[in-house]
Amino acid sequence: MNFKLKVWRQKERRAAGKLVDYDAPDIPAQASFLEMLDIVNERLLLDGKEPIAFDSDCREGICGTCCLTINGEAHGPDHPGAVCELYMRKFQDGDTVTVEPFRVRSFPVVKDLVIDRTTLDRIVQAGGFISARTGSAPEANSILVPKQEGDLAMEAAACIGCGACAAACPNASAMLFTAAKVSHLALLPQGSPERTKRVVDMVNAMDAEGFGNCTNTYECEAVCPAEISVAFIAKLNREYARARLQRSVGE
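Treat the numbers as computed from the prediction; the structure is a model and nothing was measured.

(A) Focus on the packing of helix α5 (residues 175-186) against helix α6 (residues 195-208). At a minimum axis distance of 10 Å, the contact between α5 and α6 shows a crossing angle of 170 degrees. As the angle between them shows, α5 and α6 are arranged roughly antiparallel. Contact residues: α5 offers M175, T178, K181, V182, L185 and A186, while α6 offers R195, R198, V199, M202 and M206. Grouping the amino acids of the contact of α5 with α6 by side-chain chemistry returns seven nonpolar, one polar and three charged.

The structure is reproduced here in structure tokens:
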């Protein structure tokens, strides 16, 4: 398969960037999108040119580092799934494909397609840790968790922290990410001791990092590789309201 690529090139964070045209001929249909970029980079290196910088790690849709916007869609057209799970057979032979980093103010471009997503790490760090002593692995049935709540906690914990929700949101909101991180602990008894402090601190950190507000466009859910439901945003709102009420009563 043969493709025309328009790839965002930017030397460093403060430099001006632009879309640069590249030819990508003879690409196997079974190649993943990242493998296609590898092939293009090998050819650039053979020509003595600088390769395209992009992030990747597991290439199995687990790590969340392959943060690319393809033809205007976070993670490309094959949802649910990360860019590393997108295959070139999803495109038509001769297609022109535009490749850009996630366009979120809170995710500044480091170089080319590489972005800085440490804002998400700081939101998680604001949530702190679980103070309950865990010791060695407890016996599985020592703390009983209702199946429905356990299943919901597992669904929320599936978030890979890629930031596609913020990239797809018209307001660049990280509410789905924060909701998933808050909810999976709030649903479990182990997360109860810091439940109130955790949600307030994480929401405050999210706001401080410059993310926008949620206006229920559902774009986040549509592009999430882990299919995190927007129902967790409602859960986050309830947790936050409950925490603020408890604090006001306590004061």
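(B) Representation of the packing of α6 against helix α8 (residues 231-250). Interhelical geometry of α6 versus α8 gives an angle of 115 degrees and a closest axis separation of 9 Å. By the criterion of interaxial angle, the relationship of α6 to α8 is roughly perpendicular. Seen along the crossing, α6 lies across α8 with a hand that is left-handed. Every residue of α8 that contacts α6 at R195, T196, K197, V199, V200, D201, V203 and N204 is listed here: K235, L236, E239, Y240, R242, A243, R244, Q246 and R247. Of the residues in the contact of α6 with α8, the class split is six nonpolar, three polar and eight charged.

(C) A look at the side chain of R198. Looking at the element boundaries, R198 is found in helix α6. For R198, the residues in contact, after removing those within four places along its chain, are G127, I130, L185 and G191.

(D) Inspection of the nonpolar core at higher detail. Core analysis: the largest hydrophobic core is formed by 42 residues, its most contacted members being F107, I123 and F211. Those elements that place two or more of their residues in this core are α2 (118-126), α3 (147-157), α4 (164-168), α5, α6, α7 (219-223) and α8. Apart from residues no more than four positions distant in its own chain, I123 is found in contact with F177, T178, M202, A205, M206 and F211. In this structure, F3, A24, I27 and V40 belong to the second largest nonpolar core, which totals 28 residues.

(E) Layout of α6. Look at α6: 20 Å from first C-alpha to last across 14 residues, which is about the 20 Å you get at 1.5 Å a residue. Within α6, the full set of buried residues consists of R198, V199, V200, M202, V203, A205 and M206. Here the buried face of α6 lies against α2, α5 and α8. Within two residues after α6, G210 carries a phi angle of roughly 90 degrees, on the positive side.

(F) Layout of α8. Here α8 is 20 residues long and its end C-alpha atoms lie 29 Å apart, about the 28 Å a rise of 1.5 Å per residue gives. For α8, the full list of buried residues reads F232, I233, K235, L236, E239 and A243. One side of α8 holds all its buried residues, which, seen down the axis, span an arc of 150 degrees. Facing away from the buried side of α8 by over 90 degrees, the exposed positions are R238, L245 and V249. In the core, the buried residues of α8 are packed alongside α3, α5, α6 and α7.

(G) The arrangement of unusual backbone geometry in detail. That bond from H79 to P80 is cis: its omega, -5 degrees, falls within 30 degrees of zero. With respect to the element layout, P80 can be found in the loop between β4 (73-74) and β5 (96-101). Its identity as a non-glycine residue notwithstanding, H75 has a phi of 70 degrees, on the positive side. With respect to the helices and strands, the residue H75 is situated in the loop between β4 and β5. The class of H75 is buried, set by a relative accessible area of 1%. Notably, A172 is not glycine yet its phi reads approximately 55 degrees, a positive angle. As for its placement among the helices and strands, A172 is situated in the loop between α4 and α5.

(H) Here's a closer look at the sheet that holds β5. On the basis of which strands lie adjacent, the open sheet formed by five strands has the order β2-β1-β5-β3-β4 and mixed pairing. The sheet is open, and its two borders are formed by β2 (18-24) and β4, each paired with just one other strand. As paired strands, strand β3 (residues 68-70) and β5 are joined by three bridges and run antiparallel to one another. From the neighbouring strand, I70 faces β5, where its bridge partner is V99.

Conventions we followed
Residues numbered from 1 in each chain as written. Predicted model: local features only at pLDDT ≥ 70, side-chain atom pairs only at ≥ 80, totals over all residues. Heavy atoms only, no water. Axes fitted to C-alpha atoms, helices over the stretch in contact; angles between N-to-C directions. Helix = DSSP H or I, 4+ residues; strand = E, 2+ residues; numbered from the N terminus. Parallel < 35°, antiparallel > 145°, perpendicular 65-115°, else oblique. Contact = heavy atoms within 4.5 Å. Nonpolar A, V, L, I, M, F, W, Y, C, P; charged D, E, K, R; others polar. Left-handed = near helix turned anticlockwise from the far one by under 90°. Core = buried A, V, L, I, M, F, W, Y, C linked by side-chain atoms within 4.5 Å. Buried < 20%, exposed > 50% of the residue type's maximum accessible area, 1.4 Å probe, protein only. Expected span 1.5 Å × (residues − 1). Arc of directions from axis to C-beta. Pairing = 2+ DSSP bridges.

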